[in-house]
Amino acid sequence: MALAFEKLHWHSKLEVAEYLVPASLTEALDMLASHGGKARVIAGGTDVIPELRSRKLDVSVLVDVSRLPDMDGIEADGDDIVIGGGVTHAAAAASPLIQDKASALATGCGWVGSPQIRNVATLAGNLVSGQPAADASVPLLALDAEVTIASAKGERVVPLSEFFLGLGQTALDPGREILTSIRFQALADNQGSAYLRLAKRKALNLPILVCAVKATADGGNIASAAIALGPVAPVPFRERAAEEFVAGKPATMETLTQAGETATATCNPRDSLLRGSCDYRTEMVKVFVRRGLTAALAQAGCTVK
Amino acid sequence: MQDKTQEKTKTQVLTREENELARRLRTADKPLTVAGTSIGRRDDPLKVTGKLKYGADYSAEGFLFGKILRSPHAHALIKSINVKKAQELEGVAAVLTAEDLPGRNGFGAIIPDQPVICGDKVRFVGDGVALVAAETETIAHQALKLIEVEYEPLPGIFDPRDAMAEDAPKIHEGGNILSDDKMVKGDVDAGFAEADVILERTYQVPFLEHAYLEPDTTMAIPQPDGVMLIEGPMQAPFTTRRNVAPVLGVPINQVRVRQIHMGGGFGGKEDSPIDLSCRAAVLAQATGRPVKITLEREEVTIQTAKRHPMIMELKVGVKKDGTLTAFQGVIYDEQGAYASLGPKIPPAGGSHVHAMVMMPGPYEIPNVKVDAYLLYTNHPYGGAMRGFGAPQVHIAHEQMMDELAAELGITAVDIREKNAFRLGSQTATGQVLSQSVGLRETLESCADRFKWDERLAATGWVDQAHTKRRGVGVAMGWYRTSIGTNGDGCGAAVHLHEDGSVLLYSGITEMGQGAFTVLPQICAEELGIMPEDVRLVKPDTDLVPESGPTVGSRSTTLMGNAIILAARQVKESLMDTASMMLMVPTERLDAKGRKIYDRENPDKSLDFAAVAARAMAAGKRMIGQGWWTPPVPSLDGHTGQGSPYHVYTYSTHMVQVVVDVETGEVELEDYVAAFDVGKAINPKALEGQIEGGVAMGLGYALMEEVVLVEGVTQNPSLQGYLVPTMLDVPDIQPVILEVTNELGPYGAKGIGEMPNIPATPAIINAIAQASNGRVRRLPADPERIFWAIKEAGGPPQD
Amino acid sequence: MSTVELSFKLNGREVSLSVAPDTLLVDLLREGLGLTGTKAGCREGECGACTVLLDGTPMNSCLLPAVKAQGREVTTIEGLEKTDGSLEPLQEAFMGEGAAQCGFCTPAMILTATALLKNNPDPDEGEIRHALSGVICRCTGYRKIVQAVQTAAKARS
């Protein structure tokens, strides 16, 4: 099979006919609607621009949502934290609220790309790109976040567990809808979270494996845990078998080690020439599930024996 | 430290030829005022303000955009090609295929085996099958897409060992073995019989991308008088000219090549500019208009030269006390689709021969046999990259030294101490090292600074959970200061003006290494003026003397000497004039700090400028020309015996790492790199070469690899091709030692490539020392380290 | 193709112009405005050579549609130029420490460090390395760049 022309001949420029900058969410949704799905939302642009340059993405109209009002908040709402659709990774990583009440997310946001990327790339964009190892998506999945999606027809709320549909595919229609906010429960005093990442270099990296854990302690026991992994499936992956395994068990190294073993039965990383083999990443799932649980429990005030 | 090393240079054993050259040069003992100091880089003010112009920064107003249609097949016959639709597209000025070419359809730094435009077949994914020049980039792209090519795919070769099979498809008419070289010293069988321990190991390294930050760009600008002007970032303007002229079918003097400051080269811009210049030139000739070709990052990776991958099989014998008795090696050196800088230029030029010569390492070994095969495959091609064959073989021999030491139960430093070259040692080619051999001094100083013994004793688990282990590693290295061909001459010109200012003409190029700073420094030193009194004329083949390429760590030494000789011709005019003005014999005169003075009575002095004015008025020679050729290299074509390179730079690196034995992740904690550089002409610039070279070696060790599947590059962008970031590189502490090179300017040796070479094996050795994980196939990414630890039965259990 | 009207502050001066809607900031600066101190090394945000400051924050201009500059302030390396010809402490320090080799990453390094020192006048080595980790340098091994930022921080305080 001959290699595609676009893989051998690269462009410096984009080819987009229109660039629209709506002043309100309503206007933005109308713009999208009026183009019948042929327009595309651009926020920070760090995913969209390279895809346009490499001609992977073929759209003629961009709708820039980065100036919509009231999208850049990071706020506590009762027991919840609500993050606006325009919040960047840099803002989330630096937020005391997130650092304190969702540290896994702060850590993940602090590892995305580079400082330059984090300064523009939004958490909403990270979710909408639908990549299995995205550094904001995986912790948000462990935090049981839900997202609000707006379209010309109205709003809907979708839990992240139903949001990711396939590689690069989500429940959001990028030609018609806008992700306006992200909501999840702040960590309680007996809860902790952790985010671990394995890569070949320490910045601007391509993750081999990422793991986010939210754990609830009950004295020396694990009341419950949420474990999210990537890339071990086409989408950010909730490791339910290991979660069920640890629930109600004592927080011992043996439990956590067995949780790691359990996890390898359900997740299925593919062989990747650039990220690593299935066998290796399966081994790493064991280590990361154990380490992730250990760190999250420690944050919850529970030392693993 | 420096006093000690000076002492050791007293006992050289120079050959007669070396003696004669050293006498001609006689700079080694000169007290220095300007050379040897860390003056700032001349072009720094332009760099920190963003005013320095790179190739892409020159306006392309009025230029046509040149584009290359690349083959999607690794190996295929071209059955037909139809360019009609492309030609008819508005805004297209030319569409060229092989049959449109006016001259030689081939280019190459050594052998012109790469078609400017492929006619009958393609040999790698990225081979050029047609060229387009159009008014805009977009139109050029559309035109490329409209070209219809019918291919008949052929079976490809993607492993160099497959290329040697008798029934292997022939990539080039002459067969797939481009070079088959041998080096034989003593009797390896007898050597193995003497050995107490014999180890056999295979080491493997991948294609590497230079990843210079500036993507390639070239401009071809037809001049009214018929001359073709080529401008672009490049390391080898003369090699470029030598290729463009026959491709255009014109004499060499009808091509003018001007170098533009490079945004990094590392050997890669020795031959990629030949490719782009030939292609831009034929488009410019066909259209009569200026043409600019700029590659996108991904295209740089796909199309241009790489570091050669090698498979290296070693068998080495050693006595119980660590003395090496025999070394046997086989190199399968993968050339890829085209010859580039791989093949031999007799006697010892080309990266392949260099790899062979360097393969046994900087050690005295009485019995050596190396078979080295350079093999065509249907991959991208190997060219020059910072070390020219040496980094690969160092990765093999330096790992083998550690593996032997471990087998013997002695330390990695002990085994090196036992065998390292010293003054008078005989290399594997039978060359007696006659002078400037500071290898052992680098080991000693490096171990001192690094505190090797203490750190070695302190290696072990970092945490109570036994997930992380600390370890240390060492590697040594050697590198030449010339290119091993008979044509390694280097010319310079010095023009003195009546106000004392000087123009320096040199063809050595600037890519960030600091040549444009160091060369005027040498000129000023010789004339007794200040560096700012010397303006360097940028490389332009119409203006500067043939200087050879800016490669092989040869610039400071070879060009430095040429400049000294050129400067002396005008200095003679100055001294004659000053002698008459001061009524002091010339032998008593000296020049420094813009004064010419009587050594016996320093108050008796004249301003340099005043003497220059008088010399000019008296019709004295104001133009100096220097030509330096290093000692004639030799290397027997059958036995690989001789003196291929006249002097070597030496180095020892030590590094401390922490390995996460559960994941294979590595953290570098500390790094010391010691070098015998002969003489540091500009210590700060030299430190920069060291720190940058080590960082590049770190990338080779841990993360860099051009991943190819059936000839297709899987990671053409910098998202997939990983180079070290600021968070990956530790603080690198350079140690500079000066063991005088009698044949270098003020004792200097080359340093551009050396730092890159031992860095990689030092890190790999430290990983193995820490974790038992010995990674013999690079890069040692976390996965490879993880499996290597598993293969070794786990980390050390103490 | 339609064009978009665009006004923003560039290196302290207001500029108004029309651009094609798909123009990237890096190309507007380099080709449209002749400010070639901003470099294009990879065009996908992986090398950082195209870094400019947008309202004082480092961003990759190769990933920014020019339209995003509307009403904001863009600073390029040319924006550090002073009328008296003197250089910023960071520029002096990069020269003094030998922190530039080929120089291709230098404008981006200096701009990124400028933003760092503005927010954190006395950063430690780790903070410097993190802040500058989005710019790749293939020449220096980074040590002299870190030293230059440290030197400039001292010179400013």
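Residues numbered from 1 in each chain as written. Chains lettered and ligands numbered in written order. Predicted model: local features only at pLDDT ≥ 70, side-chain atom pairs only at ≥ 80, totals over all residues. Heavy atoms only, no water.

Engineer: What should I look at first to understand the overall build of chain C in this one?
Structural biologist: Along chain C, the regular secondary structure elements total 5 helices and 5 strands. Mapped from its N terminus to its C terminus, chain C presents α and β elements in the order β-β-α-β-β-β-α-α-α-α. A compact globule built from 157 residues should have a C-alpha radius of gyration of about 15 Å, and chain C, at 16 Å, falls within 12% of that. Projected onto the principal axes, the alpha-carbon positions of chain C cover approximately 50 × 30 × 25 Å. Sorting the 157 residues of chain C into buried and exposed places 66% on the buried side. Once local pairs closer than 6 in sequence are excluded, the contacts in chain C between residues at least 24 apart make up 53%. Considering chain C, the positive charge centre built from 15 side chains and the negative charge centre built from 19 side chains are found 4 Å apart. (Helix = DSSP H or I, 4+ residues; strand = E, 2+ residues; numbered from the N terminus. Rg over C-alpha atoms; globule rule 2.2 N^0.38 Å. Buried < 20%, exposed > 50% of the residue type's maximum accessible area, 1.4 Å probe, protein only. Contact = heavy atoms within 4.5 Å. Lys, Arg positive; Asp, Glu negative; His and termini not counted. Charge placed at Lys NZ, Arg CZ, Asp CG, Glu CD.)

Engineer: How should the packing of aromatic side chains be read in this particular structure?
Structural biologist: Two numbers describe a pair of aromatic rings. These are the distance of the centres and the angle of the planes. Under the definition given, this model contains 13 aromatic pairs over all chains. Ring geometry for B:Tyr54 versus C:Phe104: centroids 5.1 Å apart, planes at 90 degrees, classification edge-to-face. Residue B:Tyr54 is located in the loop between helix 3 (44–48) and strand 1 (64–70), and its partner C:Phe104 is located in the loop between helix 2 (89–96) and helix 3 (106–119); the two belong to separate chains. Of the two residues, B:Tyr54 and C:Phe104, both sit in the buried class. (Phe/Tyr/Trp six-rings, centres within 6.5 Å; stacked < 30°, edge-to-face > 60°.)

Engineer: Looking at this structure, how should I read the interface of chain C and chain B?
Structural biologist: Put simply, an interface is often sized by how much accessible area is lost when its parts join up. Contact with chain C, which involves 47 residues of that partner, is made by 53 residues of chain B. Both sides together, the interface formed by chain C and chain B hides about 3900 Å², and carbon and sulfur atoms give 56% of it. Area buried by chain C at its contact with chain B is led by C:Gln101, C:Arg138 and C:Arg143, which between them contribute 22% of it. For the pair chain C and chain B, the number of links is 10 salt bridges. The residue B:Glu704 makes a salt bridge to C:Arg138 at a minimum N-O spacing of 2.7 Å. (Buried area = accessible area lost by both parts, 1.4 Å probe. Salt bridge = Lys/Arg side-chain N within 4 Å of Asp/Glu carboxyl O.)

Engineer: In this structure, what is going on with the sheet that holds strand 2 (residues 76–82) of chain B? I would like to understand it.
Structural biologist: Across a sheet, paired strands are connected by hydrogen bonds in the backbone, their directions being either parallel or antiparallel. Residues and elements named next belong to chain B. Strand order in this open sheet of 3 strands is 4-2-6, and the pairing throughout is antiparallel. In this open sheet, the two edge strands, each paired with only one partner strand, are strand 4 (121–122) and strand 6 (148–153). As paired elements, strand 2 and strand 6 share 6 bridges and run antiparallel to each other. What sits directly across from Asn 82, in strand 6, is Glu 148. (Pairing = 2+ DSSP bridges.)

Engineer: Sorry if this is basic, but what is going on with the packing of helix 17 (residues 555–582) of chain B against helix 18 (residues 608–617) of chain B here?
Structural biologist: Between two packed helices, the angle of one axis relative to the other and the distance separating the axes together describe the packing. Residue and element names in this part refer to chain B. Taken N-terminus to C-terminus, the directions of helix 17 and helix 18 make an angle of 100 degrees; their axes are 9 Å apart at the nearest point. It follows that helix 17 is roughly perpendicular to helix 18 by the angle criterion. Between helix 17 and helix 18, the residues in contact are Ser 573, Leu 574, Thr 577, Ala 578 and Met 581 and Phe 608, Ala 610, Val 611, Ala 612, Arg 614 and Ala 615, respectively. Residue classes in the contact of helix 17 with helix 18 are distributed as 8 nonpolar, 2 polar and 1 charged. (Axes fitted to C-alpha atoms, helices over the stretch in contact; angles between N-to-C directions. Parallel < 35°, antiparallel > 145°, perpendicular 65-115°, else oblique. Nonpolar A, V, L, I, M, F, W, Y, C, P; charged D, E, K, R; others polar.)

Engineer: Sorry if this is basic, but what is going on with the sheet that holds strand 24 (residues 595–598) of chain B here?
Structural biologist: Residue and element names in this part refer to chain B. One open sheet holds the 3 strands; their spatial order is 23-24-25, and the pairing between them is antiparallel. Two strands in the sheet have a free side with no partner beyond their single neighbour: strand 23 (589–592) and strand 25 (601–607). Each strand axis lies, on average, 30 degrees off the axis of its neighbour in the sheet, ignoring direction. The pairing of strand 23 with strand 24 spans 4 bridges and is classified as antiparallel.

Engineer: Hey, could you run me through the layout of surface pockets in this one?
Structural biologist: Gaps between atoms show up when a probe of the same size as a water molecule is rolled over them. Here the second largest pocket defines a volume of roughly 1200 Å³. Mapped by element, the contributors of at least two residues to the lining of the second largest pocket are strand 1, helix 5 (137–146) and strand 12 (291–294) of chain B together with helix 1 (25–32) of chain C. A per-class count over the lining of the second largest pocket returns 14 nonpolar, 13 polar and 18 charged. (1 Å grid on protein atoms, 1.4 Å probe; cavity = no way out; pocket = protein on both sides within 12 Å on 5 of 7 lines; lining within 4 Å. Points joined across faces, edges and corners; volume = space filled by probe spheres on them.)

Engineer: I keep staring at empty space enclosed by the protein and nothing clicks. Help me out?
Structural biologist: Scanning the entire structure with this criterion turns up 10 cavities of 30 Å³ or more. In this model, the largest cavity occupies a volume close to 110 Å³. Contributing to the lining of the largest cavity are 13 residues, with A:Lys200, A:Leu274, B:Met703, B:Gly720 and B:Leu722 lying nearest its centre. Of the residues in the lining of the largest cavity, the class split is 7 nonpolar, 2 polar and 4 charged.

Engineer: Whenever I open this one, the domain arrangement of chain A confuses me. Can you help?
Structural biologist: Residue and element names in this part refer to chain A. Domain parsing of chain A yields domain 1 (16–64), domain 2 (74–184) and domain 3 (191–299). Its C-alpha centre places domain 1 at a distance of 19 Å from the equivalent point of domain 2. At the interface, 14 residues of domain 1 touch 15 residues of domain 2. Of the roughly 1100 Å² buried between domain 1 and domain 2, counting both surfaces, carbon and sulfur atoms make up 67%. On the surface where domain 1 and domain 2 come into contact, there are 0 salt bridges. The interface formed by domain 1 and domain 2 holds 2 residue pairs in polar contact (both at pLDDT 80 or more) in total. For the side of domain 1 that touches domain 2, the elements supplying multiple residues, two or more each, are helix 2 (25–34) and strand 2 (39–42). (Domains from an automatic or database assignment. Polar contact = N/O pair within 3.5 Å; in protein donor to acceptor, adjacent residues only side chain to side chain.)

Engineer: I keep staring at the nonpolar core and nothing clicks. Help me out?
Structural biologist: Generally speaking, soluble globular proteins have nonpolar side chains that are buried together. With 191 residues, the main nonpolar core has B:Met312, B:Tyr671, C:Phe94, C:Met109 and C:Leu132 as its most contacted residues. Ignoring any residue separated from it by four or fewer positions in sequence, one finds C:Phe94 in contact with B:Val48, C:Ala99, C:Ala100, C:Thr106, C:Met109, C:Ile110, C:Ile145, C:Ala148 and C:Val149. In terms of nonpolar packing, the next biggest core, distinct from the first, is built from 52 residues, B:Val494, B:Phe516, B:Met575 and B:Leu743 among them. (Core = buried A, V, L, I, M, F, W, Y, C linked by side-chain atoms within 4.5 Å.)

Engineer: Just checking my understanding: could you explain the environment of B:Ser547 for this structure?
Structural biologist: Mapped onto the elements, B:Ser547 comes out in the loop between strand 22 (534–537) and helix 17. C-alpha of B:Ser547 to C-alpha of B:Thr517: the two residues are 30 residues apart in sequence and 17 Å apart in space.

Engineer: Looking at this model, I keep getting lost on the interface of chain B and chain A. Mind explaining?
Structural biologist: Every contact between the two is made by 44 residues of chain B and, on the other side, 34 residues of chain A. The junction of chain B with chain A conceals about 3400 Å² of combined surface from both sides, 61% of it contributed by carbon and sulfur atoms. When the buried surface of chain B facing chain A is broken down by residue, B:His141, B:Glu662 and B:Glu783 rank first, second and third, together holding 15% of it. Our enumeration of links across chain B and chain A arrives at 7 salt bridges. For A:Arg290, the salt bridge identified is with B:Glu662, shortest N-O distance 2.8 Å. Here chain B and chain A share 18 residue pairs in polar contact (both at pLDDT 80 or more) between them. Secondary-structure elements contributing two or more residues to the side of chain B that touches chain A are strand 1, helix 5, helix 10 (297–303), strand 28 (666–676) and helix 21 (782–791) of chain B. When residues in the side of chain B that touches chain A are grouped by element, the largest group, 5 residues, is from helix 21 of chain B.

Engineer: Explanation requested: the pairing of strand 10 (residues 178–185) of chain A in the structure shown.
Structural biologist: Looking along a regular strand, one sees the side chains alternate between the two faces of the sheet. Residues and elements named next belong to chain A. For strand 10, the buried fraction is high: 6 of the 8 residues fall into the buried class. The sheet contact formed by strand 5 (residues 80–84) and strand 10 spans 5 bridges and is antiparallel. Each bridged residue has a counterpart across the sheet, and for Val 82 the counterpart in strand 10 is Arg 183. Two elements, strand 6 (residues 146–151) and strand 10, share 5 bridges in a ladder whose sense is antiparallel. In the strand pairing of strand 10, Thr 148 is matched with Ser 181.

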